[in-house]
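Structural overview for review
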Amino acid sequence: MRLINLTQLSAIELDECRNKHPKHALIEKVQTLGLPTRKSEAYRYVEVEPLLRETYEYAEFAPKPIVYGEKIIIEDGYVTTAPKGIRVYYSDFDDVNMNHYDPLYFLGHLLSPKVIMIEIDGDSDIELLHRFTKSNTLISYRIVIKNQTNRHASIYEYFESKNAQNSLILYGYDIMVTQDSTLGIIKNQTINDNAYNMVASHNVKVGKQASMMLKTFDFGDSSALQLLNIELDTHAMVDTGHLLYLLGHAKRGTVSKIVHKGEHTHSTQEAKNILDDGARGIFDALIKVEQSAKYTKTRQNSKAILLGEGSFMVAKPQLEIYIDELEASHGSTTGQLNNNQLFYLQSRGISKIEARKMLIIAFANTLIETIRDGRQQEKIQKSFEEAFYKKDLS
Amino acid sequence: MENKQIDTVVAGDYKLGFEVDIETDTVEAGLDENTIAFISQKKEEPKWMLKLRLKAFERWKKMSEPHWAHLDYEPIDYQAISYFSAPKTAPSSLDEVDPKILEAYKKLGIPLDEQKQLQGIAVDAVFDSVSVKTTYSEELNKHGIIFCSISEAIREHPELIKKYMFSVVPMSDNYFAALNSAVFTDGTFVYIPKGVRCPMELSTYFRINALNTGQFERTLIVADEGSYVSYNEGCSAPTRDEHQLHAAVVELITMKDAEIKYSTIQNWYPGDATGKGGIYNFVTKRGLCQGENSKISWTQVETGSAITWKYPSCILKGDNSVGEFYSVAVTTLAQQADTGTKMIHLGKNTSSTIVSKGISAMKGQNTYRGLVKIASSAKGARNHSECDSLLIGSECGAHTFPYLESKDTQGQIEHEASTSKISDEQLFYLRQRGINEEDAVSMIVHGFCKEVFSQLPMEYAVEAKALLNLTLEGSVG
Amino acid sequence: MILDIKNLHAKIGDKEILKGLNLSLEKGKVHAIMGPNGAGKSTLSKAIVGHYDVEITAGDISYKGKSLLELSPEERALEGIFMSFQNPVEVPGVNNAYFLRTALNAKRIHDGKEELNAAQFLRLMREHLTALGMKPDMVSRSLNEGFSGGEKKRNEILQMLILEPDVIILDEIDSGLDIDALKAVSEGINQMKDEKRSFLVITHYSRILDYLKPDYIHVLKDGKILKTAGVDLVEKLESEGYDWIKDEL
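Residues numbered from 1 in each chain as written. Chains lettered and ligands numbered in written order. Predicted model: local features only at pLDDT ≥ 70, side-chain atom pairs only at ≥ 80, totals over all residues. Heavy atoms only, no water.

**Thoughts on the side chain of Lys261 of chain B**
Residues and elements named next belong to chain B. Its place among the elements puts Lys261 in strand β12 (residues 259–266). Although Lys261 is buried, it makes no salt bridge; Glu324 carries the closest opposite charge, 5.9 Å away. Among the polar contacts made by the side chain of Lys261, one reaches the main-chain carbonyl oxygen of Gln455 at a distance of 2.6 Å. Filtering out sequence-adjacent residues up to four positions away, Lys261 remains in contact with Tyr228, Val229, Ser230, Tyr231, Ser297 and Gln455. (Helix = DSSP H or I, 4+ residues; strand = E, 2+ residues; numbered from the N terminus. Buried < 20%, exposed > 50% of the residue type's maximum accessible area, 1.4 Å probe, protein only. Lys, Arg positive; Asp, Glu negative; His and termini not counted. Salt bridge = Lys/Arg side-chain N within 4 Å of Asp/Glu carboxyl O. Polar contact = N/O pair within 3.5 Å; in protein donor to acceptor, adjacent residues only side chain to side chain. Contact = heavy atoms within 4.5 Å.)

Encoded structure:
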């Protein structure tokens, strides 16, 4: 165990990265992009700078043996358990996307001498638990997911922590959705009482005729940020979205870039944001349609409800388009519960508090109900309600 | 439709690209304290103004050129620009204005004589660095309205200038505003006294004529309590191979119950299809709704310039104040535009409307960038934005970057945007009725822009339509 | 013979829809085309007006003795061919009256007549609006934007009345119309009938044919006209469908 300070990166000794891009290339990338500050566009609305300035404990790369279990468990960055039928192992990785916009994506790779490789054979539904047990520690790990052509797989990920205060967790996926396959990821993450700090930075390539679904559900009173970079090959589809239910002074949300590269690509992105107390919701989403991506269809939408006096929504739905053969639209609304609806319910004898609850739950459900798997849907519903009823709405 | 055909339809020749051959007094290229002192002296400015200019210059030197916009251009050499050019003979009445200048304005369709006065429009014409003629001043004087060049205002109305200049756009607000604050050469000042409804449209026409000059005009409009004014500006420049810089600043202030309607028809030379030549149009425009129930409305039709970087903004400070932004931006050839607005809601029940229509053709790149910010003090604030893009051809680009920030639990922000091309179906329908392809395209484009054109005063709506046709129709047949 | 279609083969995308279609429209007559879904009825009308979807691979369409195939859609319109669209497209911001005056004046210039000024045109348009039972605000609204189904169809008929074409193609003019609208539309059409003009009525239902009283019924199936007969055929088609019709050739 030793100490690490990310602002003095070049001065610290790191394990040599054993991938195609040697350590210095990644360091260079981090340096040219610069560690995120308040002025970095992607990190403008979260306070990441103080987190990066901290000095953390940092352990040498030391994986433990993996035992069989029902689900994949990653504890403090190391796999402890994995189910049969799925190959989970540590590997070198030579496919870092050198065009990613996020410096912490490169930093994550720089700090991960090996990646956790998850190879999904056939049609599978996988549960993935991230567990954090160390405080004041920098926990950094990268996960690579590969699936098989013509197969359908889904991953349900969730998070647990115990005594992980003041730790900074940098993790993220590099996903290649193989040609003609489908992959779904559902994230369920409630963070309360500043249990840990997290920045998740993902890189997704969706292959020809492949389809990806990525829905994230973020609840609680603490901050975190996820960043997505998604590229679509010919006839690829992506359906992404987030639901935020935030309390206290949580600052959470999604920064994303979806790039349409191939013809006939489709993307939809939908954000629902429920913000109470002094919480801040972030939807900073760019859709880029390159000249090669004829016949693209893309739709982007963010809806926010501000409930608390200090709550704050930042919506930046962005379209960057270099072709005329396409259909593109986006929209964003920020407002309150609909007074007419509230009144209607009250006129039927429902109390104002109850009516508010009903409408908030209904708003959240529109996204929760897009989860096809019934069990997963139930779990998300439960997490939402736990977060929701924790708050006294009167 | 074949792309080639569309290109001929959309690449209208620049019709205002003539150069006027008149004797000018142009200062050597370059920028330092001496240049600024020279400008100030030429303008017969009081000392305090020179001091302010030099202060702005000091700040500018410490700043760097911003590059966050979605624009791509060669670096500007600020030492290669001449910061002052004036017709040699300074006119004191219409009769004394160089006939060639009058003729130039006639060509532009801006007669500075009786004709315009009959239309009930007061005109201030800025030719390169100086205001050549302000019409109708006497009639306006009767109402206590001040409508004069900014240089004259600095000399004649120092108390108003000291109070309001830099109050909305501080001198170090941004790189180009700082540069303007140091070297602004002319522009227009308008003051509408309490309770006065300005009886006519006010108008300024800007023209860059001399070679290698920049134009740095500064406009300041103050509408006192309960007053109203509709102000229009138009711009053009000769066809040149070099890029020319236009860095203007416009400040608007409305007091309680006052309203300013500000319309722009911008037709600077756009450069050619390869991106050679054309005006760099880097402009800071901002309005402050200081008083309750006040209103500022920006309407712009942007067809010219090689590069446009401007965001006419409203700071809605007074309770119930209203901000509006209506924009048509056309980019064809190799033009790039990064334009939009900022609506900053501070007062209670403030409301804003944004309607932006972007048209991109050929290699044009059109970016809408808008910020809507509702502060927690702005209880009950409302915004509605609509940003639509029309794409013509497969090499152009349309980009929409709205920033929507709300801290108000009673407020409402709505943003909608769509991007589409001219639909084959619409085009076919019109053609089936016997309307030729070119007219059909123009008809659809006009329809697309209608909501914005309807905001312009009648005479300018006609001008804007004609201009759009010039830009879009061009040289078929 | 005003319009003569010979051995027409046409594709949409990669699919051949019309496979050697022959059809002649006589001056002053009403021709109805009936046929099952997917038979090629809409493709035929699109081929006549030069729609971008349709590629003609063989055969010819001649109009008043000249081939149409090389003419642009607007040239065909100016020559007097009018199509009432099944689903008229909405064109936001383009004023209905302005559009129609532009179209009419294009035609008048083509015919060597003087253009109508705004006042003359509005008088003409208002007369027709009243006759068709349309609201006066049709003058100021945007072309087809936010129109109900019935309003769109009436607006097509309005254009037809004003443009006074020689060949009128009515593509499913009766779809989505209630009985009152159907009557108004039919009256508008009947008003246009004279010895020089021909109609091509494409429809699924016999209802409109009761009003329009066609002279000929053509059955279009599998990309060809398989049968031509008098109006009596309608009843048989209504009761027995199209299956019994085989290629008579």
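**Focus on the packing of helix α4 (residues 339–347) of chain A against helix α5 (residues 352–368) of chain A**
All names here are of chain A. In contact at an axis separation of 9 Å, α4 and α5 are set at 130° when each is read in the N-to-C sense. If you check the angle between α4 and α5, you find them oblique. In terms of crossing hand, the pair formed by α4 and α5 is right-handed. Residue-level contacts link Gln341, Leu342, Leu345 and Gln346 of α4 to Lys352, Ala355, Arg356, Met358 and Leu359 of α5. The residue inventory of the contact of α4 with α5, partitioned by class, reads five nonpolar, two polar and two charged. (Axes fitted to C-alpha atoms, helices over the stretch in contact; angles between N-to-C directions. Parallel < 35°, antiparallel > 145°, perpendicular 65-115°, else oblique. Left-handed = near helix turned anticlockwise from the far one by under 90°. Nonpolar A, V, L, I, M, F, W, Y, C, P; charged D, E, K, R; others polar.)

**Comments concerning the interface of chain B and chain A**
Counting residues at the interface gives 33 residues for chain B and 34 residues for chain A. For the pair chain B and chain A, the interface holds three salt bridges. Note that Glu325 of chain A is salt-bridged to Lys421 of chain B, the shortest N-O span being 2.8 Å. Our count for the contact surface shared by chain B and chain A stands at 16 residue pairs in polar contact (both at pLDDT 80 or more). Where the side of chain B that touches chain A is concerned, the elements lending two or more residues are β21 (382–392), β22 (397–406) and β23 (412–421) of chain B. The dominant element in the side of chain B that touches chain A, judged by the number of residues it contributes, is β22 of chain B, at ten residues. In terms of residue class, the side of chain B that touches chain A is made up of ten nonpolar, 15 polar and eight charged. Both strand β21 (residues 312–321) of chain A and β22 of chain B contribute to a ladder of six bridges, which runs antiparallel. Within the sheet, the bridge partner assigned to Leu319 of chain A lies in β22 of chain B and is Thr400 of chain B. (Pairing = 2+ DSSP bridges.)

**A closer look at the interface of chain C and chain B**
Each partner contributes residues to the interface: chain C has 34 residues there, and chain B has 18 residues. Summing the contributions of chain C and of chain B, the shared interface buries around 2100 Å²; its carbon and sulfur component is 66%. Together, Tyr52, Glu74 and Val89 of chain C form the three largest contributors to the area buried by chain C at its contact with chain B, with a combined 27%. For the interface between chain C and chain B, the tally reads two salt bridges. Glu74 of chain C serves as the salt-bridge partner of Arg431 of chain B, at 2.5 Å between the closest nitrogen and oxygen. Our count for the contact surface shared by chain C and chain B stands at twelve residue pairs in polar contact (both at pLDDT 80 or more). The set of elements that each furnish at least two residues to the side of chain C that touches chain B consists of α2 (73–79), β6 (81–84), α3 (96–110) and α5 (149–163) of chain C. Here the side of chain C that touches chain B gets five residues from one element, more than from any other, and that element is α3 of chain C. (Buried area = accessible area lost by both parts, 1.4 Å probe.)

**Some remarks on the nonpolar core**
Counting residues in hydrophobic clusters, the biggest one holds 111 residues, and the most contacted among them are Ile48 and Leu170 of chain C. Per-element tally for this core: the top contributor is helix α11 (residues 437–453) of chain B, with nine residues. With residues near it in sequence (within four places) discarded, Ile48 of chain C still touches Leu3, Ile5, Ile61, Leu68, Arg76, Ile81, Ile169 and Leu200 of chain C. Tyr90, Ile116, Ile155 and Ile175 of chain A belong to the second largest nonpolar core, which has 57 residues in total. (Core = buried A, V, L, I, M, F, W, Y, C linked by side-chain atoms within 4.5 Å.)

**Regarding the pairing of strand β5 (residues 78–82) of chain A**
Residues and elements named next belong to chain A. Counting buried residues in β5 gives five out of five residues, a clear majority hidden from the surface. Two strands pair when backbone bridges link them, and strand β3 (residues 67–68) and β5 are joined in this way by two bridges, in the parallel orientation. Within the sheet, the bridge partner assigned to Val67 lies in β5 and is Thr81. Both strand β4 (residues 72–75) and β5 contribute to a ladder of three bridges, which runs antiparallel. Along β5, the bridge assignment pairs Glu75 with Tyr78. Hairpin connection from β4 to β5: two residues lie between these consecutive antiparallel strands, with Asp76 at a positive phi of about 50°.

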